[in-house]
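An overview of the molecular structure
Take a look at the letters that make up each chain.
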Amino acid sequence: MTQHSQLTRLGLFDARVPRYTSYPTAPHFAGGGGAAEFTHWVHEIPENATISLYLHVPFCRRLCWFCACRTQGTTTLSPVVAYVETLLAELALLGRNLPKGVTLSRLHWGGGTPTLLPPDQITILAEAIFAILPLAEGAEFSVEIDPNEVDGPRLDALKAAGMNRASIGVQDFDPLIQETIGRTQSYELTKQVADQIRDRGILSLNADILYGLPHQTTERISESVQKLLTLSPDRVALYGYAHVPWMSRRQQMIPSDVMPTPEERLNLFETAEKLFVWDGYRAIGIDHFARPTDGLAIAQATGHLRRNFQGYTDDTAPILIGLGASSISRFPQGFSQNASGTSDYTKAIRAGKFASHRGHAFTSEDRLRGRLIEALMCDFHISRAEILASFDVTPDRLQSLLDATARAFPGMVTLDDQGLTILTQGRPLTRMIARTFDAYDQTKAQHSAAI
Ligand SMILES: C[S@@+](CC[C@H](N)C(=O)[O-])C[C@H]1O[C@@H](n2cnc3c(N)ncnc32)[C@H](O)[C@@H]1O
Ligand code: SF4
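Residues numbered from 1 in each chain as written. Chains lettered and ligands numbered in written order. Predicted model: local features only at pLDDT ≥ 70, side-chain atom pairs only at ≥ 80, totals over all residues. Heavy atoms only, no water.

Let us now look at the layout of surface pockets. By volume, the second largest pocket amounts to about 690 Å³. Residue lining of the second largest pocket: 30 residues in total, with R306, R307, R330, R371 and E374 positioned closest to the centre. Elements supplying a minimum of two residues to the lining of the second largest pocket: strand 11 (306-308), strand 14 (328-331), helix 12 (364-379) and helix 13 (384-390). The dominant element in the lining of the second largest pocket, judged by the number of residues it contributes, is helix 12, at six residues. Here the residues of the lining of the second largest pocket sort into 13 nonpolar, eight polar and nine charged. (1 Å grid on protein atoms, 1.4 Å probe; cavity = no way out; pocket = protein on both sides within 12 Å on 5 of 7 lines; lining within 4 Å. Points joined across faces, edges and corners; volume = space filled by probe spheres on them. Helix = DSSP H or I, 4+ residues; strand = E, 2+ residues; numbered from the N terminus. Nonpolar A, V, L, I, M, F, W, Y, C, P; charged D, E, K, R; others polar.)

As a further point, take the site of ligand 2. Residues in close proximity to ligand 2 include C60, L63, C64, F66, C67, G112, T113, D146 and R183, which together make up its full environment. Partitioned by chemical class, the residues of the shell around ligand 2 number five nonpolar, two polar and two charged. (Near = heavy atom within 4 Å.)

The subject of this paragraph is the site of ligand 1. Lining the immediate environment of ligand 1, one finds 21 residues, of which G111, G112, Q171, R183 and D208 sit closest. Separating an oxygen atom of ligand 1 from a backbone N or O atom of G169 is a distance of 3.4 Å. Contact distances for ligand 1 include 2.8 Å between an oxygen atom and a side-chain N or O atom of Q171. Its free accessible area being 570 Å², ligand 1 has 92% of it covered by the protein chains. Of all the secondary-structure elements, those providing two or more residues to the shell around ligand 1 are strand 5 (135-145), strand 6 (165-171), strand 7 (204-211) and strand 8 (235-240). Its residues assigned to classes, the shell around ligand 1 comprises 10 nonpolar, seven polar and four charged. (Polar contact = N/O pair within 3.5 Å; in protein donor to acceptor, adjacent residues only side chain to side chain. Areas by Shrake-Rupley, 256 points an atom, 1.4 Å probe, with all protein chains shown as cover.)

This next bit is on helix 2 (residues 35-43). Listed in full, the buried residues belonging to helix 2 are F38, T39, W41 and V42. What you see down the axis of helix 2 is that its buried residues fit within an arc of 165 degrees, all on one side. Residues of helix 2 that are buried in the fold lie against helix 3 (78-97), strand 13 (320-323), strand 14, strand 15 (334-338) and strand 16 (356-361). (Buried < 20%, exposed > 50% of the residue type's maximum accessible area, 1.4 Å probe, protein only. Arc of directions from axis to C-beta. Contact = heavy atoms within 4.5 Å.)

The tally for this structure, following the rule as stated, stands at 16 aromatic pairs. Relative to F331, the ring of F38 lies with its centre 5.6 Å away and its plane at 85 degrees, an arrangement referred to as edge-to-face. Of the two residues, F38 is situated in helix 2 and F331 in strand 14; the sequence distance between them amounts to 293 residues. Pair check on accessibility: F38 and F331 agree, each one buried. A ring pair is formed by F173 and Y187, whose centres lie 5.5 Å apart and whose planes are at 75 degrees; its orientation type is edge-to-face. Here F173, found in the loop between strand 6 and helix 6 (175-181), pairs with Y187, found in helix 7 (residues 187-199); they are 14 residues apart in sequence, far enough to count as distant. Taken together through their ring pairs, the aromatic side chains of Y211, F269, F276, Y281 and F289 make up a single cluster. Over the ring of Y312 we find R307, and its NZ or CZ is 4.3 Å from the ring centre. (Phe/Tyr/Trp six-rings, centres within 6.5 Å; stacked < 30°, edge-to-face > 60°. Lys NZ or Arg CZ within 6 Å of the ring centre and 35° of its normal.)

So, about the pattern of salt bridges. What the rule picks out here adds up to 20 salt bridges. As a salt-bridge pair, D151 and R154 come within 3.0 Å of each other at their nearest N and O atoms. The class for R154 is buried, based on a relative accessible area of 14%. A salt bridge links R235 to D294; the shortest N-O distance between them is 2.8 Å. Placement of the pair is R235 in strand 8 and D294 in the loop between strand 10 (288-290) and helix 10 (295-301), with a sequence separation of 59 residues. Look at the salt bridges and you will find they share partners, linking R106, E140, R165, R235, D294 and D314 into a network. (Salt bridge = Lys/Arg side-chain N within 4 Å of Asp/Glu carboxyl O.)

Here we take up the sheet that holds strand 19 (residues 419-422). With antiparallel pairing, three strands are arranged side by side in an open sheet as 17-19-18. Of all the strands in the sheet, just strand 17 (381-383) and strand 18 (413-415) have a single pairing partner and so form its edges. This sheet shows a mean twist of 15 degrees between the axes of neighbouring strands, independent of strand direction. Running over the sheet, helix 12 touches strand 17 and strand 19 and is turned about 130 degrees from strand 17. Sheet strands touched by helix 14 (residues 395-408): strand 17, strand 18 and strand 19. Its angle to strand 18, the strand with the most contacts, is close to 150 degrees. (Pairing = 2+ DSSP bridges. Axes fitted to C-alpha atoms, helices over the stretch in contact; angles between N-to-C directions.)

This is the structure we're talking about:
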């Protein structure tokens, strides 16, 4: 059997396997984490704790066909300005409930397109955040930037507010691919924005690119990666394009007969991976690359790499509060998700209530399984000693969990006294191997591909 066909037999190209940015994954949240619990969990944050904040801006001027993110199109600024008003009200409500002295280790603005906000709105929002949650020493403030939707005054406002990491969306530079996925963006424009960011002293730059796009070939992805390398990003996310037209209706604009085959997808990933590694990047987890001096590479080298709703992170704060429609918060007690629709979210906040509408209160079994999954996704390794020291599990129970995984993936993992390790040839199967620890996924076929 060739390596590819063996990988295929083990489930490699199943687009429905989750990316495990949380456990349980959002579709499996089973209760708890509504507005009352959210309020209680906020009250239980220790005084002077350092936490993280995610703020979601679900608007874009144009809706790229490939995109499966939660966002809505708008041609005018009025819904965006109204949304900022609601965010300010949500922040004020949070401020009234937060214990004293809490500071931020990470602040991330994502979307959608946060840079749709005009400069004065950026300033107002940032000031309102820092009035209740000042940045801690060494904190990181990052923002997702669509190079098509940013200009000098917005970057000035972000820099003045303290942004110190910018994340630009690239996807692919090839004109045919860009036309097919409904996202045109020249190399020249992208370079200009990267230069504008660095000229302002914002020295940490991330870029997102995709493999598995329609019409993508190894030649085309090589060319795009080489162009991206001329911008010298500190960190790259090389996401597998999730083609889920049943969930994201705009993807129906993309013809399915020009999609690469599963085997081609793997070749595309491996081609891009080689180029990044040749250029001196460290491979991080299943889909990131980072310069050795970048925080992600350091976290990986020191065993502190973690996974949260934004993907890989070097943030070790145990609490992440999500603001805005559909945002998910994580507490030691569980997850809590805000209402997904902007109008339901707005209605709750304008009525003076938190907008949490669903969630999941952790059991001790969730915590154990969540860490087993996270360890594989981050380190390709589960340390027996770490798990036995941190969780209430007997050596026999842990052995039987690890045995079941090793049996399901012969030749792809090793199991010894140290723990379970995914071998190099098994790494493309990491999400499938992690799924063996997912107790909510017993049907193994019900997943929607989460991006
Ligand atoms: C939430 S989007 C925001 C990016 C920003 N608005 C922009 O356009 O540059 C963040 C990233 O999600 C990734 N993404 C969106 N749709 C995807 C899909 N269907 N499959 C995989 N990744 C996707 C893209 O790489 C994108 O840059
Ligand atoms: S890729 Fe960015 S700009 Fe395009 S629809 Fe998605 S969030 Fe909006």
